[in-house]
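# Working through the structure, step by step
Here is what each chain is made of, one letter per residue.
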Amino acid sequence: MTEKQKQSWRPGKRDLLFFGVIATVVLVLVLGTSERKTKPVPNDEVHQSAASLAACMTCHGAGGVHPQPKGHIQAGQCFQCHLQPEGWTGGKK
Ligand code: HEC
Ligand code: HEC
């Protein structure tokens, strides 16, 4: 590349399009993170005192009063995804 070619570079239409695409992708990823919240655990007495996975599953297992939806993940760390209720006492022993 000669010195003259280097100096004559200016962003053309294709460069602007490229930057536009990058900006859009970044924007989508940033906005997307806020959509990944699940429903919080309700702030009621039942949920504030339920202390174990077994307790949760008596109501949220198949056949409970409020079963998890079909295809729900079989992980035990409920609060990792569902916000823990305020004033949760289940952790105290
Ligand atoms: C005694 C039964 C019972 C127990 C135990 C229980 N739940 Fe619930 N849960 C319910 C009922 C009924 C609802 C739906 C009504 C409501 O919003 O209060 C509910 C709602 C929820 C919701 C929100 C679902 C929605 O539709 O918005 C989440 C999340 C949840 N429970 C998680 C948990 C977790 C985690 C535990 C254990 C720490 C737990 N529950 C223990 C009965 C129970
Ligand atoms: C890896 C994340 C994750 C974990 C861990 C998890 N859940 Fe969920 N759960 C979800 C998602 C996603 C939904 C879909 C509905 C939503 O919250 O938007 C859902 C839905 C539910 C619903 C139904 C809500 C409704 O719409 O009525 C209940 C009840 C529930 N989960 C209970 C539990 C319990 C109890 C545990 C622990 C044994 C648990 N979940 C662990 C991600 C998770």
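This text goes with the structure placed above it.
Residues numbered from 1 in each chain as written. Chains lettered and ligands numbered in written order. Predicted model: local features only at pLDDT ≥ 70, side-chain atom pairs only at ≥ 80, totals over all residues. Heavy atoms only, no water.

## Points about the coordination of the iron atom of ligand 2
For the iron atom of ligand 2, the full set of protein donor atoms is H72 (NE2) and H82 (NE2), at a range of 1.9 Å. Of note is the iron atom of ligand 2, whose 6 donor atoms meet at the metal with angles of 86 to 179 degrees in an arrangement that counts as octahedral. Of the two residues, H72 sits in the loop between helix 4 (53–60) and helix 5 (78–81) while H82 sits in the segment after helix 5, which places them 10 residues apart along the sequence. Residue class for H72 comes out partly exposed when judged on its relative accessible area of 23%. (Donors = N, O, S within 2.8 Å, 3.2 Å for Na, K, Ca; no water. Tetrahedral: all angles 85-135°; square planar, octahedral: opposite > 155°, others 65-115°. Helix = DSSP H or I, 4+ residues; strand = E, 2+ residues; numbered from the N terminus. Buried < 20%, exposed > 50% of the residue type's maximum accessible area, 1.4 Å probe, protein only.)

## Some details on the site of ligand 2
Close to ligand 2 lie 16 residues, the nearest being K39, H72, C78, C81 and H82. Contact distances for ligand 2 include 3.0 Å between an oxygen atom and a side-chain N or O atom of H66. In this structure, a nitrogen atom belonging to ligand 2 sits 2.8 Å away from a side-chain N or O atom of H82. Sorting the residues of the shell around ligand 2 by element identifies helix 4 and helix 5 as the ones contributing at least two each. A per-class count over the shell around ligand 2 returns 8 nonpolar, 7 polar and 1 charged. (Near = heavy atom within 4 Å. Polar contact = N/O pair within 3.5 Å; in protein donor to acceptor, adjacent residues only side chain to side chain. Nonpolar A, V, L, I, M, F, W, Y, C, P; charged D, E, K, R; others polar.)

## Observations concerning the coordination of the iron atom of ligand 1
For a metal bound by four donors in tetrahedral geometry, the ideal donor-metal-donor angle is 109.5 degrees, whereas six donors in octahedral geometry ideally sit at 90 or 180 degrees. At 1.8 to 1.9 Å from the iron atom of ligand 1 lie its protein donor atoms, namely H47 (NE2) and H60 (NE2). Each of the 6 donor atoms bound to the iron atom of ligand 1 contributes to angles spanning 86 to 179 degrees, and the resulting shape is octahedral. With a gap of 13 residues between them, H47 in helix 3 (residues 45–49) and H60 in helix 4 connect regions that are remote in the sequence. Here H47 falls in the buried class, since its relative accessible area comes to 19%. The partly exposed category is assigned to H60, whose relative accessible area is 23%.

## As for the site of ligand 1
In the region of ligand 1, 17 residues are neighbours, and H47, A55, C56, C59 and H60 sit closest. Separating a nitrogen atom of ligand 1 from a side-chain N or O atom of H60 is a distance of 2.6 Å. Between H66 and ligand 1, the recorded distance is 3.4 Å, taken from a side-chain N or O atom to an oxygen atom. Residue assignment for the shell around ligand 1 shows that the elements contributing at least two residues are helix 3, helix 4 and helix 5. For the shell around ligand 1, the leading source of residues is helix 4, giving 4 residues. Of the residues in the shell around ligand 1, the class split is 11 nonpolar, 4 polar and 2 charged.

## Considerations on a nonpolar patch on the surface
Together, L16, F18, F19, I22, V26 and V30 line one region of the surface with nonpolar side chains, adding up to about 600 Å² of accessible area. Residue position: I22 is located in helix 2 (residues 13–33). The class of I22 is partly exposed, set by a relative accessible area of 41%. (Patch = residues over 30% accessible without salt bridge, like charges linked within 9 Å, V, L, I, M, F, W, Y side chains within 5 Å. Areas by Shrake-Rupley, 256 points an atom, 1.4 Å probe, with all protein chains shown as cover. Salt bridge = Lys/Arg side-chain N within 4 Å of Asp/Glu carboxyl O.)

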